[in-house]
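The primary structure of each chain is shown beneath.
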Amino acid sequence: MEKITSKSNPWVKETVRLFTSAKYRREKQQFVLEGARLCGDTLRSGVQILWLFVTPAFTQKWPEVFEELCANSGRVFLITQDIASKITDTVTPQGVFAVCSVQEREFSLDFAQKYIALDQVQDPANLGALGRTAEALGISGLIIGGGCDLYNPKALRASMGSLLRLPVHVCGDLAAYLSSFKGKIPLYATVPESYVKDITTCDFSSGAVCVIGNEGSGVSKQVKAVCDRLITVRMRGQAESLNAAMAGAIVMWEMLRRD
C-alpha cells in the first residue's frame, strides 16, 4: 500500500477530476465510487477497481471490507482525511474511494418485458432513486435518454449500486431509439394532464416501455410523438405534478402489480 499526503498528488488530481466531470468520465471511461457499502458492492457487480483510496480511519472501522477491496484492486493508496475531504462532496466522508472502469453492458430489449425510459432527467438523486426502485420492483431495464450522467457520484450513491447492476442503455436521441421499436412493444409517455388515460386502467401484460420526463418540462414533444399513448397518475389536491422519482415509482408499481 502506497501513502499519499499531498492534495496536489497526480493520483488525487485525477480522482477529483473523475469525481467532478461527466465529460472527463466519458473520455476516460472511468468513474469514482465512494463509501464502504457502495465500494464493497462493486465486488458483486462485476466492476473492475483500477485504484483504491482509503484513510486510516476506514481501515480500522471496516477491516473486512478493506481487505476484500485490497485483494480486488489494481493499486491501493493510503490517504489523509484532508485529501478525502478534498475529493468528496459529502459532509462526513467514510474514507474510501474506488476508481473503476466503465464495463460494457449488453442491453437487448425483450418485447414481452417492462422497461422505464428517462427523458432528460437531470437530478442525480432522481436518477439514483429511479434505478434503485426499478431494480427492487423487478423492472427489466432502464433506458436513459440524456440528462444526468449515469456515473454521477450522487446518482450512484442514491441508487445504492442498482445503476451498476440493472441493465441500462444510454442513448443520445430517445425519440429515435424508441421509434426503432414502435409497433413491437407498447410505448407510453407519462404526463400530468388529467384528460389522458389513467395509468390504473392500462394493461401492461404484453410488455411496455413507460417514459418519465424531465423535472421541469416533462416528456419532450418528439418523444410524445413516438409513443402510442399518453398516460397519467391521477392526482388530488392542488399539486400540479409529482417529483420524477415518485412518479416513476408509482408507474413501475402499476406496470408490475398484476404480474
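Rules used throughout
- Residues numbered from 1 in each chain as written.
- Predicted model: local features only at pLDDT ≥ 70, side-chain atom pairs only at ≥ 80, totals over all residues.
- Heavy atoms only, no water.
- Helix = DSSP H or I, 4+ residues; strand = E, 2+ residues; numbered from the N terminus.
- Rg over C-alpha atoms; globule rule 2.2 N^0.38 Å.
- Buried < 20%, exposed > 50% of the residue type's maximum accessible area, 1.4 Å probe, protein only.
- Contact = heavy atoms within 4.5 Å.
- Areas by Shrake-Rupley, 256 points an atom, 1.4 Å probe, with all protein chains shown as cover.
- Patch = residues over 30% accessible without salt bridge, like charges linked within 9 Å, V, L, I, M, F, W, Y side chains within 5 Å.
- Salt bridge = Lys/Arg side-chain N within 4 Å of Asp/Glu carboxyl O.
- Lys, Arg positive; Asp, Glu negative; His and termini not counted.
- Charge placed at Lys NZ, Arg CZ, Asp CG, Glu CD.
- Pairing = 2+ DSSP bridges.
- Polar contact = N/O pair within 3.5 Å; in protein donor to acceptor, adjacent residues only side chain to side chain.
- Expected span 1.5 Å × (residues − 1).
- Axes fitted to C-alpha atoms, helices over the stretch in contact; angles between N-to-C directions.
- Parallel < 35°, antiparallel > 145°, perpendicular 65-115°, else oblique.
- Left-handed = near helix turned anticlockwise from the far one by under 90°.

*Asks:* Could you give an account of the overall build of the protein, naming the residues involved and the relevant values?
*Replies:* A count of helical and extended segments in the protein gives 12 helices and 12 strands. The C-alpha atoms of the protein give a radius of gyration of 20 Å, which matches the 18 Å a tight globule of 259 residues would have. Principal-axis analysis of the C-alpha atoms gives the protein an extent of 60 × 40 × 30 Å. Taken over 259 residues, the protein has a buried fraction of 50%. Here the analysis covers contacts within the protein between residues at least 6 apart in sequence; of these, 78% occur between residues at least 24 apart. If you sum the accessible surface of the protein, you get close to 12600 Å²; carbon and sulfur atoms cover 49% of it.

*Asks:* Any chance you could break down a positive patch on the surface for me, citing the residues and the numbers?
*Replies:* On the surface, a cluster of positive charge is contributed by Arg17, Lys23, Arg26 and Lys28. With three residues, helix H2 (residues 22-28) is the largest single contributor of residues to the positive patch. Turning to its location among the elements, Arg26 is positioned in helix H2.

*Asks:* Could you give an account of the pairing of strand E3 (residues 49-54), naming the residues involved and the relevant values?
*Replies:* With five of its six residues buried, E3 lies for the most part within the structure. Bridge count between E3 and strand E4 (residues 73-79): five bridges; the pairing is parallel. By the bridge assignment, Phe53 is partnered in E4 with Phe77.

*Asks:* So what about the side chain of Arg25? Which residues, and what values?
*Replies:* Looking at the secondary structure, you find Arg25 in helix H2. A residue is classified by how much of its surface remains accessible, and Arg25, at 5% relative accessible area, is buried. In terms of polar contacts, Arg25 uses its side chain to reach the side chain of Asp149, at 2.7 Å. Setting aside residues up to four positions removed in sequence, Arg25 forms contacts with Leu18, Phe19, Thr20, Gln30, Phe31, Asp149, Tyr151, Asn152 and Pro153.

*Asks:* Explain helix H12 (residues 244-256) to me, and be specific about the residues and the numbers.
*Replies:* Compared with an ideal rise of 1.5 Å per residue, which puts 13 residues at 18 Å, H12 spans 18 Å between its outermost C-alpha atoms and is within 8% of the ideal. For H12, the complete set of buried residues consists of Ala244, Ala245, Ala247, Gly248, Val251, Met252, Glu254, Met255 and Leu256. Those residues of H12 that are buried lie in contact with strand E6 (114-119), helix H7 (124-137), strand E9 (187-190) and strand E11 (208-212). The residue sitting at the N-terminus of H12 and contributing the capping side-chain oxygen is Asn243; that oxygen lies 2.8 Å from the backbone nitrogen of Ala245.

*Asks:* Could you give me a rundown of the sheet that holds strand E5 (residues 96-101), with the residues and numbers involved?
*Replies:* An order of E1-E4-E3-E5-E2 is seen for the five strands of this open sheet, with the pairing classed as mixed. One side of each edge strand has no neighbouring strand; the edge strands of this open sheet are strand E1 (2-4) and strand E2 (30-34). With strand direction ignored, the average angle separating the axes of adjacent strands in the sheet is 25°. The sheet strands contacting helix H1 (residues 10-20) are E1, E2, E3, E4 and E5, and the helix crosses E3 at an angle near 105°. Against the sheet, helix H5 (residues 63-71) engages E3, E4 and E5, with an angle of about 135° to E4.

*Asks:* Tell me about the packing of H7 against H12, residues and numbers included.
*Replies:* The contact between H7 and H12 brings their axes to 9 Å, and the two run at 15°. By the angle class used here, H7 and H12 are roughly parallel. In the packing of H7 onto H12, the handedness of the crossing is right-handed. For the pair H7 and H12, contact is made by Asn126, Ala129, Leu130, Thr133, Ala134 and Leu137 and by Ala244, Ala245, Gly248, Ala249, Met252, Trp253 and Leu256, respectively.

*Asks:* So what about the environment of Lys28? Which residues, and what values?
*Replies:* If you trace the backbone, Lys28 turns up in helix H2. Lys28 gets classed as partly exposed once you look at its relative accessible area, which sits at 34%. Separated by 74 residues in sequence, Lys28 and Val102 place their C-alpha atoms 8.8 Å apart. Leaving out residues up to four positions away in the same chain, Lys28 has contacts with Glu14 and Leu18.

Shape is all these values report; function is a separate question.
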